Amino acid sequence: MKRWMWGLLTVILVAAGVAGYKSIGMNRTRSAVQSARKASLTTTARAADATPVEQHGALHVSGTDLMDSRNVKFRLKGVSTHGIAWFPQYVNKEAFRTLRDKFGINTIRLAMYTNKSEGYGTEAVKKVQEGVRYATELGMYVIIDWHVLSEGNPNKHKAEAKKFFTKMAKQYAGQDNVIYEICNEPNGAVTWKKHIKPYAKTIISTIRKYSKNSVIVVGTPTWSQDVDVVAQSPLKSKNVMYALHFYAATHKEWIQDKLKKAHKKGLPVMVTEFSICDASGNGALDRASARKWMKLLDKYNISYTAWSLCNKNESSALIESSCNKTSGWTRSDLSPAGKWYFDQTK
């Protein structure tokens with residue numbers, strides 16, 4: 001072989017080697033970049049059509065704030081179902097999609113009442129699982145709400161709660177979007193120290209066996225209003241928040257003062273249920289009180305979910321009672337409360 005051919009062959013082999021090396025290096029670099037992008041979730045192209053969970057990832061609690069995976073303050077803006085035993089038809093994927101795409105909702109709260117007379121049982125649990133699946137497929141956050149209400153004391157169904165949250169935590173341990181609300185509204189002759197706090201310790205421990213870092217919301221005394229009492233002796237668990245519920249026509253400055261005191265003490269609060277009517281879920285809408293509440297929630301970066309996703313003939317229902325649609329709603333399908341609320345979230 002002529003000398004110039006040897007030279008050419010040498011150049012070709014060296015070039016091929018360099019190209020191969022560069023290709024390997026580029027592949028490694030590309031993989032690293034892709035991993036970094038996935039972790040940070042900050043690329044403009046991805047964020048343009050990304051779902052809430054794709055954009056914000058796993059949530060955690062820092063001080064009084066809910067934070068996203070980038071350690072940036074984040075807020076849930078959600079809708080709570082009514083009791084899923086009474087209005088199961090609204091737990092459907094297209095309903096959740098409509099809420100996400102048309103009304104700016106990033107979170108669904110699935111309210112499962114805990115008494116058998118109010119629907120608790122195998123079918124209710126399946127409906128919760130169905131709701132979690134739809135929310136997950138749509139990249140939305142979802143609150144599994146153990147809806148303590150008429151029984152008052154969460155310890156009444158403590159054994160069932162342990163079984164339920166064991167099942168849920170096992171099933172959703174690897175998911176970033178699932179939040180657990182372990183006792184909706186403790187009420188009656190129930191105190192934080194004697195009843196709710198010991199119950200919470202047990203259920204949180206149950207969940208943490210499988211789901212180490214998920215956000216857990218704990219109900220507070222007097223229908224989840226006494227956050228100031230809880231702030232005197234909070235739990236020591238991480239990624240725990242405390243529920244505050246209000247109905248703007250009934251709960252005004254004195255409940256807002258409770259929130260202010262709790263916030264000053266450093267208690268992380270989440271409003272997992274509210275409306276702008278009275279505490280019965282009915283009556284006239286108090287928009288002036290509601291504006292004061294929203295201003296305070298904005299100031300403190302507090303997440304909220306509104307009651308309720310149904311067409312029940314009551315003021316707090318977000319869908320007009322004459323509307324039988326279970327998804328694809330337009331503004332004309334909304335109740336006055338629904339119009340007001342979705343004007344806040346869009």
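Structure shown above.
Small disclaimer: the values here were computed from a predicted structure and weren't measured. (Residues numbered from 1 in each chain as written. Predicted model: local features only at pLDDT ≥ 70, side-chain atom pairs only at ≥ 80, totals over all residues. Heavy atoms only, no water.)

(A) Highlighting the overall build of the chain. Check the secondary structure of the chain and you find 12 helices and 10 strands. For the chain, the proportion of its 346 residues judged to be buried stands at 53%. Nonlocal contacts in the chain, meaning residues at least 24 apart in sequence, comprise 75% of its contacts between residues at least 6 apart. With the model as given, the accessible surface of the chain reaches about 15900 Å², and the carbon-plus-sulfur share is 53%. (Helix = DSSP H or I, 4+ residues; strand = E, 2+ residues; numbered from the N terminus. Buried < 20%, exposed > 50% of the residue type's maximum accessible area, 1.4 Å probe, protein only. Contact = heavy atoms within 4.5 Å. Areas by Shrake-Rupley, 256 points an atom, 1.4 Å probe, with all protein chains shown as cover.)

(B) Representation of the pattern of salt bridges in the model. The final tally for this structure, using the stated rule, is 18 salt bridges. Between Glu 94 and Arg 97 there is a salt bridge whose closest N-O contact spans 3.1 Å. Residue Glu 94 and its partner Arg 97 are both found in helix α4 (residues 93-103); the two are separated by three residues, about one turn of the helix. The partner of Glu 314 in a salt bridge is Lys 312, with the nearest N and O atoms 3.5 Å apart. With a relative accessible area of 14%, Glu 314 lands in the buried category. In this structure Lys 312 comes out as partly exposed when scored by relative accessible area, which is 34%. Among the charged side chains, a salt-bridge network with shared partners connects Arg 109, Asp 145, Glu 181 and Glu 273. (Salt bridge = Lys/Arg side-chain N within 4 Å of Asp/Glu carboxyl O.)

(C) Region of interest: the nonpolar core. One finds Phe 96, Phe 164, Tyr 180, Ile 182, Val 218, Trp 329 and Tyr 341 to be the most contacted residues of the largest nonpolar core, which totals 83 residues. Looking at which element gives the most residues to this core, the answer is helix α7 (residues 192-208), with seven residues. Each residue touching Phe 96, except ones within four places of it in the same chain, is listed here: Tyr 90, Val 91, Ile 108, Leu 110, Gly 131, Tyr 134, Ala 135, Leu 138 and Met 140. Membership of the second largest hydrophobic core comes to 14 residues, among which are Leu 76, Ile 143, Val 217 and Met 270. (Core = buried A, V, L, I, M, F, W, Y, C linked by side-chain atoms within 4.5 Å.)

(D) Examining the environment of Leu 318 more closely. Tracing the chain through its elements places Leu 318 in the loop between β10 (304-309) and α12 (336-345). Separated by 15 residues in the primary sequence, Leu 318 and Asp 333 place their C-alpha atoms 9.0 Å from one another. Residue contacts for Leu 318: discarding those within four places in its chain leaves Val 79, Ala 306, Trp 307, Ser 308, Leu 309, Cys 310, Leu 334, Ser 335, Ala 337, Gly 338, Tyr 341 and Phe 342.

(E) Region of the structure containing the sheet that holds strand β4 (residues 107-113). What the eight strands build is a closed barrel, ordered β3-β4-β5-β6-β7-β8-β9-β10; its pairing is parallel. Ignoring strand direction, the axes of neighbouring strands in this sheet form an average angle of 25 degrees. Along the sheet, helix α6 (residues 158-172) makes contact with β4, β5 (141-147) and β6 (178-181), crossing β5 at roughly 165 degrees. Where α7 meets the sheet, its contacts fall on β5, β6, β7 (216-218) and β8 (240-247), and the angle it forms with β7 comes to roughly 165 degrees. (Pairing = 2+ DSSP bridges. Axes fitted to C-alpha atoms, helices over the stretch in contact; angles between N-to-C directions.)

(F) The packing of aromatic side chains, seen in detail. Under the criterion given, the structure shown has 18 aromatic pairs. Taken together, Phe 103, Phe 246, Phe 274, Trp 293, Tyr 304, Tyr 341 and Phe 342 form an aromatic cluster joined through their ring pairs. (Phe/Tyr/Trp six-rings, centres within 6.5 Å; stacked < 30°, edge-to-face > 60°.)

(G) Representation of the side chain of Ser 335 in the model. For Ser 335, the location among the structural elements is in the loop between β10 and α12. Judged by its relative accessible area of 5%, Ser 335 falls in the buried class. Within polar-contact distance, the side chain of Ser 335 engages the backbone nitrogen of Gly 338 at 3.0 Å. Not counting the four nearest positions on each side in its chain, Ser 335 is found in contact with Ala 317, Leu 318, Ile 319 and Glu 320. (Polar contact = N/O pair within 3.5 Å; in protein donor to acceptor, adjacent residues only side chain to side chain.)

(H) Up close: the pairing of β10. Along β10, six of the six residues are buried, which leaves the element largely enclosed by surrounding structure. The pairing of strand β3 (residues 77-81) with β10 spans five bridges and is classified as parallel. Bridge pairing in β10 links Ser 80 to Trp 307. Taken together, the two bridges between strand β9 (residues 269-275) and β10 define a ladder with parallel strand orientation. By the bridge assignment, Phe 274 is partnered in β10 with Ala 306. Between the parallel pair β9 and β10, the chain is carried across by helix α11 (residues 287-300), and the sense of this crossover is right-handed. (Right-handed = clockwise from strand over helix to strand, strands pointing away.)

(I) Just the environment of Lys 346, in detail. Tracing the chain through its elements places Lys 346 in the segment after α12. You can call Lys 346 exposed: its relative accessible area is 58%. Along the backbone, Lys 346 and Lys 102 are 244 residues apart, and their C-alpha atoms lie at a distance of 7.5 Å. Discounting chain neighbours no more than four positions away, the residues touching Lys 346 are Lys 102 and Phe 103.

(J) Structural context of α4. Within α4, burial applies to Ala 95, Phe 96, Thr 98, Leu 99, Arg 100 and Phe 103. Each element contacted by the buried residues of α4 is listed here: α3 (52-56), β3, β4, α5 (122-137), β10 and α12. Put simply, Asn 92 is the residue that caps the front of α4, since its side-chain oxygen is 3.1 Å from the backbone nitrogen of Glu 94. Gly 104, located one to two residues past α4, shows a positive phi value of around 70 degrees.

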